[in-house]
Amino acid sequence: MEGMACGVPQIVPDWAALGEWATPAVKVPCPTTLVHPEINTVGAVADKDAFVTSLQSLYADADRRGQLSQQSLRFARQSRFHWDVIAQQMEKVLEQVIQSRARKSPPASRRRALALA
C-alpha cells in the first residue's frame, strides 16, 4: 500500500491478502503451497520465472509503468483507506464486541457469587 501511495508499480504474489486487495498490482502466480501444521501456518512461493518476466516487462515498458503508477495512486487515495473511515469502522467493531460480551456475561450478582465460590 505504501508503494502504491507513492505511485510505485507493485509486483505481488497472487496469494492471500495481496492477491485479493492489491488490484492495480501485477500479480505473480504461486504454484507452490507450503504448510507447516506444527506452527499452524500456510504460505506460498511465487513462481520465479513469472516474477522475473513481470519485472523485466515493467522495466522495459515505461507506458505500462506510468499506467500502473496512476492506477496505484488512485487506488491508494480512495476514501475507504482514510484513517477517519478506518477509525469509524474499528469503533463499530469494538462496539459490537462489547455488546456481544455484555449479552453473554452473567448479571453482576451472579459474577460476585461466582467470585466468592
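On a predicted model such as this, the values are computed, not experimentally measured, just so you know.

Caption draft 1: Broad picture of the overall build of the protein chain. The number of helices and strands found in the protein chain is six helices and four strands. Along the protein chain, helices (α) and strands (β) appear in the sequence α-β-α-β-β-β-α-α-α-α when read from the amino end. For the protein chain, the proportion of its 117 residues judged to be buried stands at 17%. Taking all contacts inside the protein chain whose residues are at least 6 apart in sequence as the whole, residues at least 24 apart take part in 36%.

Caption draft 2: Highlighting helix H4 (residues 62-76). For H4, spanning 15 residues, the distance from its first C-alpha to its last is 21 Å, which sits close to the expected 21 Å at 1.5 Å a residue. Residues of H4 that are buried: Leu68, Ser69, Ser72, Leu73, Phe75 and Ala76. Each buried residue of H4 sits inside an arc of 160° when the element is viewed along its axis, so together they form one side. In H4, the exposed residues that point more than 90 degrees away from the buried face are Asp63 and Arg74. Of the surrounding elements, those touching the buried residues of H4 are helix H1 (2-5), helix H2 (16-21), strand E2 (26-28) and helix H3 (48-60).

Caption draft 3: Molecular detail of unusual backbone geometry. A positive phi angle, close to 50°, is found at Ala16, a residue other than glycine. According to the relative accessible area criterion, Ala16 is partly exposed, its value standing at 47%. At Asn40, a position not held by glycine, the phi torsion is positive, near 55°. Along the chain, Asn40 falls in the loop between strand E3 (32-36) and strand E4 (41-45).

Caption draft 4: Spotlight on the pairing of E3. The pairing of E3 with E4 spans five bridges and is antiparallel. Paired with Val35 across the two strands is Val42, which belongs to E4. Count of turn residues in the E3/E4 antiparallel hairpin: four residues, of which Asn40 carries a positive phi of about 55°.

The rules we used
- Residues numbered from 1 in each chain as written.
- Predicted model: local features only at pLDDT ≥ 70, side-chain atom pairs only at ≥ 80, totals over all residues.
- Heavy atoms only, no water.
- Helix = DSSP H or I, 4+ residues; strand = E, 2+ residues; numbered from the N terminus.
- Buried < 20%, exposed > 50% of the residue type's maximum accessible area, 1.4 Å probe, protein only.
- Contact = heavy atoms within 4.5 Å.
- Expected span 1.5 Å × (residues − 1).
- Arc of directions from axis to C-beta.
- Pairing = 2+ DSSP bridges.

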